[in-house]
Amino acid sequence: MSTDPLKKRKTKVIRGDGGTPETKRIRGDADQAKFPPALPLVGQRKLYSGRKQDVRVYNEEVELEGRDTEQDYILYKSTCEAVAKLMAEIQDLKASGAKEGSMEVEERRRRGSVHFIALKKLNRMAHMRLKKARDQTHEAKQRVDVLHLQLQNLLYEVLHLQKEIGKCLEFRSQHEEIELVSVDEFFQEAPAEISRPHLTKEDPHQLTLARLDWELEQRKRLAEQYKSSLCTKEKILKGIEMKKEYLNSLQPGLQAIMQASLPVQEYLSMPFERVQKQAEVARHLPPPLYVLLVQASAYGQACDTNLSVSISGDVDEAKALSRPPEDSQDDESDSDAEEEQQNTKRRRATVGVQLDDKRKEMLKRHPLSLCIELNCKDGSILHLFFYYLMNLNILTVKVKVSASADLSGAISAGELLNPESLLNCLYASDHGQETPNPANRYQFDKVGIVSFADYVAELGHPYVWVQSLGGLHFSSDSPQVEGPHSSLSASHMESTMKLLRGRLQARLALHKQFSSLEHSIVPVSNECQHLFPAKVVSRLAHWTMMSYEEFVELSFVQHVMKAGLVRNTDLFFMATVERGTARLQAAVVLNPRYPEITPLFSLSLLWKGERSGRTDDNLRAMESEVNVFRSELQGPRPGLQLLTNQMQRLCVCLDVYLETESQVCDGSEGPREFPREKMCLRTARGPNRLKPFKYNHPQGFFSHR
Amino acid sequence: MGPVELLHMSVFSQTFSPCGRFLAAGNNYGEIAVFSLSAALSPDATGMSQKPILTFAAHEGPVFSLISTDTHLLSAGNGEISAWSWAELTKRSTKALWTRRPNYKTSLEIPEINAMIVNSKDNSLIVGGGDNNIHIMDMETGTFKSVLQGHKDYIHCLSFREREGELLSGGEDGAVRIWDARTGQTVHCIEVFKYELCGGGPALSLWHLRSMSPTSVFSLAGCQREAVFYQDLILTVGEGPYVSHCVPGGTVKAQIPSSSPSLNTLTLNLNSNEHRVMTTAGSSDQIDVFTNFSYRAFSLSF
């Protein structure tokens with residue numbers, strides 16, 4: 001270190017001087033060194049060598065510490081001056097013509113060189129001082145850096161420790177998440193060895209530990225309880241299962257008993273089995289028919305023993321219906337149709353056939369149907385067959401009459417028992433030609449059915465009362481019906497059955513009456529004889545049936561048409577009453593709801609000119625006599641004599657009319673054609689001078705109303 | 001009233017209320033219906049205003065005659081006369097004020113009352129009907145003062161000549177008796193002005209009263225049941241569905257069709273200026289209202 005660079009410097013110094021033998025020797029021998037005595041040997045060091053010589057080492061740096069910088073600076077200045085002076089002298093000498101190599105010049109040159117050496121040493125000294133100063137600064141700096149680093153390290157560590165402390169402080173142990181009972185409870189409940197109050201009251205750590213212990217113990221205890229409860233529950237469930245199986249096993253036994261009791265039932269005529277079988281089949285009935293069955297059976301049992309209900313039809317098909325429909329068939333037919341269409345480019349027959357199939361599908365009937373039979377007192381039976389149209393959700397009815405008496409008498413009575421129109425207008429304006437379900441309109445549009453009336457002959461009539469019996473209610477407000485209501489059926493059942501019976505009886509009675517009327521006899525029963533005088537001269541000549549079109553064309557019925565009392569569902573008849581030259585034509589409108597609605601008579605008299613109820617007030621009075629006084633003419637209940645009594649009264653009135661006609665008016669002479677036979681008090685009364693048409697019993701005279 | 005009863009209804013009598021706003025009509029079932037004429041004639045009349053505001057059963061038999069005094073409506077049924085207060089009727093109260101019966105001899109058949117008129121001079125009611133007699137009743141006391149006998153058949157109509165104080169009656173026997181006495185031909189109804197009008201069969205004819213001879217005979221088919229003088233026209237109704245307008249000279253000026261096949265009664269509402277209409281009714285349940293006498297405006301119905 002400090003010796004090595006010194007040694008190197010040493011050699012340089014020696015070489016620069018031209019080298020003295022001493023210096024060469026110093027170079028050759030590192031251990032020994034001597035310096036010119038010109039410079040004080042300051043800072044010698046003694047090197048330890050094997051020769052055991054005291055060697056002095058010239059250490060210039062040590063020398064440096066001893067020199068004073070001021071002095072060196074002065075020395076430098078003086079040397080520079082000296083050199084400058086010498087140079088000046090040399091120059092002077094050279095200028096004064098001294099020769100090259102003269103002694104003065106050489107001497108000055110020598111002295112100048114010596115000064116240069118001193119300058120060099122001073123320069124060296126300066127450099128060395130600088131270097132030393134720098135080294136010292138450097139060292140100091142390094143020391144400061146080291147300290148600085150240490151400071152940084154410590155600070156960093158402090159920070160780190162602080163963070164750690166923070167973390168430690170934030171640490172939450174899991175034990176705090178466990179819900180523990182409150183402290184008071186804990187002290188109350190926990191046994192002393194766990195709670196250890198003497199320790200825990202002071203030390204919160206201990207307290208928490210104790211509490212945790214207690215918690216653990218409690219939980220263990222409760223878990224035990226839970227397990228035991230589960231076990232008991234399993235046992236009980238098993239017990240229940242066993243009992244259920246036992247009950248199920250009873251079922252076959254009961255069936256066997258039922259079978260065995262069949263003969264007993266037959267013997268005692270309590271047909272439970274039959275009823276049950278019917279109930280079994282009834283399960284497959286569609287809901288409206290089921291409602292009808294239930295209500296009709298109930299009504300039959302409760303009120304009307306002459307009513308019997310039975311189910312007919314194919315049960316298997318019904319069962320098949322309740323299974324999900326098979327789609328493959330439909331798909332096949334559709335795809336077939338498509339293929340054909342593609343191949344032959346719209347063959348119309350296919351589309352038509354497809355539409356036809358769709359129609360048939362829409363109008364399909366449920367395979368099961370109900371048959372209700374109403375037995376009447378005279379032995380005739382009204383058979384009603386009820387069908388359910390599945391897609392249209394309506395019920396239809398077909399009717400058949402088995403009459404006890406022979407019905408082949410009357411020609412005009414042909415329409416009376418026609419199954420198509422027998423049940424027409426059971427309730428007012430219930431024609432049964434159109435479906436009462438408004439939703440069907442949209443369904444019909446899809447398959448191109450214009451009017452349901454075309455299918456009525458085949459499918460039966462969808463009367464509104466039939467829907468009501470099945471509990472189906474269609475109103476214009478709510479086109480959707482939720483499901484059949486049995487209360488609706490029940491409320492209609494009695495009245496409908498009564499109406500049906502009444503209708504049948506009325507028609508049968510009319511049938512009998514018509515056959516008599518056609519033979520020109522007006523049948524008047526004994527109870528009604530009091531309404532008429534003993535002798536009636538006018539007689540019924542003809543009784544024929546008319547069609548609606550024929551009726552409309554008659555001139556003397558226009559007032560009835562205008563009053564809106566005629567419909568094309570009514571039955572029309574023409575009666576001709578004759579006496580002498582007088583002929584009275586009566587057009588009769590018979591409403592299907594006879595005898596609830598009175599038949600309407602319109603009169604036209606052909607006698608010395610034609611008169612009708614419009615032109616002759618007396619004929620009008622006769623019309624009102626026959627049409628208006630229903631309460632008198634209907635006879636004993638149920639009023640089936642109405643029509644025949646009306647006919648008889650008409651004949652009586654004609655008698656009165658003809659006999660009281662005064663001859664003075666038409667100015668004819670000679671005996672009267674119709675002598676006065678009826679007893680009348682007055683022949684004219686009131687502003688329009690009406691004739692007396694009212695018969696008084698038993699006095700037997702005629703008076704005015 | 002069902003549709004069949006309505007079909008066979010005949011209206012026999014009508015009269016207007018003293019204020020002229022209401023019309024009362026009587027039919028063959030013994031009912032009286034009160035119609036509000038002002039409602040039916042108002043611009044915002046609906047179908048409901050052509051229906052009666054009140055219909056009630058007044059008598060057992062047909063109501064052949066109705067007349068109106070200043071406060072009362074008098075109706076004649078089967079041999080009895082009932083009085084109703086117009087004020088009460090407009091409030092829809094149908095209690096009769098009184099019902100009186102003339103003294104009839106026969107009891108087998110009750111005679112109808114066909115005609116009634118009021119003699120305002122001595123406040124008496126004169127009725128004529130089926131028993132061939134004319135009964136005069138005092139309105140205040142209600143007793144039947146006197147009986148005028150003479151007709152041989154029932155009396156159709158009555159009329160009064162105020163100036164001379166004479167009563168004329170026409171009957172089925174063909175006589176028109178002027179009580180103070182004379183006879184004529186078969187009549188139905190008369191109204192007297194200076195002339196006398198006799199309807200009925202054979203024909204409607206106009207008679208001059210002083211000379212007691214017919215001045216003109218009208219050629220109308222059918223028996224005329226009611227005829228009135230109006231301004232310079234004679235309006236008459238009877239058999240046949242029309243109202244005939246005739247001129248005293250003897251010509252039939254016009255025949256206005258109506259809705260009933262034959263008409264029994266015709267009245268003019270002279271009590272009110274704003275509702276000056278003519279109404280006719282007959283053998284149907286419609287009462288035709290003529291606001292302009294040349295055509296039928298609308299019909300009220302029972």
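Residues numbered from 1 in each chain as written. Chains lettered and ligands numbered in written order. Predicted model: local features only at pLDDT ≥ 70, side-chain atom pairs only at ≥ 80, totals over all residues. Heavy atoms only, no water.

An unreviewed UniProt entry lists chain A under the name THO complex subunit 5 homolog, with Electrophorus electricus as the source organism. Listed under Subcellular location (unreviewed entry) in UniProt, the entry text for chain A is "Nucleus". (UniProt positions renumbered as here; feature names shortened; annotations may be inferred.)

Chemist: Lay out unusual backbone geometry in plain terms, naming residues and giving numbers.
Modeler: All names here are of chain A. Note that the residue after Y594, namely P595, is joined by a cis bond; omega there is 0°. When you line up the elements, P595 lands in the loop between strand 9 (582–590) and strand 10 (600–606). One non-glycine residue, S520, lies in the positive phi region at around 65°. Here S520 is to be found in the loop between helix 18 (486–518) and strand 7 (539–546). For S520, a relative accessible area of 28% corresponds to the partly exposed category. The phi dihedral of R689 is positive, around 55°, even though this residue is not glycine. Looking at the secondary structure, you find R689 in the loop between helix 24 (663–666) and strand 12 (694–695). (Helix = DSSP H or I, 4+ residues; strand = E, 2+ residues; numbered from the N terminus. Buried < 20%, exposed > 50% of the residue type's maximum accessible area, 1.4 Å probe, protein only.)

Chemist: Explain the pairing of strand 10 of chain A to me, using residue names and the numbers behind them.
Modeler: Residue and element names in this part refer to chain A. Burial analysis of strand 10 places 6 of its 7 residues in the buried class, the great majority of the element. For strand 9 and strand 10, the ladder comprises 7 bridges, and the chain directions are antiparallel. Considered in strand 10, the bridge of A586 is made with L603. Count of turn residues in the strand 10/strand 11 (residues 610–612) antiparallel hairpin: 3 residues, of which K608 carries a positive phi of about 50°. (Pairing = 2+ DSSP bridges.)

Chemist: Outline the interface of chain A and chain B, supporting the account with residue identities and numerical values.
Modeler: Chain A puts 24 residues into the contact, and the matching count from chain B is 29 residues. In total, chain A and chain B occlude about 2,200 Å² of area from one another, counting both sides; carbon and sulfur atoms represent 55% of this. Our enumeration of links across chain A and chain B arrives at 3 salt bridges. Among the ionic pairs, R225(B) bridges to D617(A), the shortest N-O distance being 2.9 Å. Contributing elements (two or more residues each) for the side of chain A that touches chain B: helix 20 (558–562) and helix 21 (617–627) of chain A. The residue makeup of the side of chain A that touches chain B, split by class, is 9 nonpolar, 7 polar and 8 charged. (Contact = heavy atoms within 4.5 Å. Buried area = accessible area lost by both parts, 1.4 Å probe. Salt bridge = Lys/Arg side-chain N within 4 Å of Asp/Glu carboxyl O. Nonpolar A, V, L, I, M, F, W, Y, C, P; charged D, E, K, R; others polar.)

Chemist: Can you explain a nonpolar patch on the surface? Please cite residues and give values.
Modeler: Side chains of L161(A), I165(A) and L169(A) sit close together on the surface and give an oily, nonpolar patch of about 320 Å² of accessible area. Note on placement: I165(A) falls in helix 5 (residues 103–170). (Patch = residues over 30% accessible without salt bridge, like charges linked within 9 Å, V, L, I, M, F, W, Y side chains within 5 Å. Areas by Shrake-Rupley, 256 points an atom, 1.4 Å probe, with all protein chains shown as cover.)

Chemist: Run through helix 9 (residues 204–268) of chain A, naming residues and quoting values.
Modeler: Residue and element names in this part refer to chain A. Compared with the 96 Å implied by 1.5 Å per residue over 65 residues, the 92 Å span of helix 9 between its first and last C-alpha is a close match. If you look at helix 9, its biggest bend is around 40°, right at L262, and the proline P263 turns up within four residues after that. Residues of helix 9 that are buried include every one of Q206, L207, A210, R211, L212, W214, E215, Q218 and Q265, and no others. (Expected span 1.5 Å × (residues − 1). Bend = angle between axes of the 7 residues up to and from the residue.)

Chemist: Could you give an account of the sheet that holds strand 4 (residues 54–57) of chain B, with specific residues and numbers?
Modeler: Residues and elements named next belong to chain B. In spatial order, the strands read 1-2-3-4; together these 4 strands make up an open sheet with antiparallel pairing. Strands at the two margins of the open sheet, each flanked by one partner only, are strand 1 (11–16) and strand 4. On average, adjacent strands in this sheet sit at an angle of 20° to one another, irrespective of strand direction. Inspection of the sheet shows strand 3 (residues 31–36) paired to strand 4 by 4 bridges, in the antiparallel sense. Residue pairing in the sheet places I32 in a bridge with F56 of strand 4. (Axes fitted to C-alpha atoms, helices over the stretch in contact; angles between N-to-C directions.)

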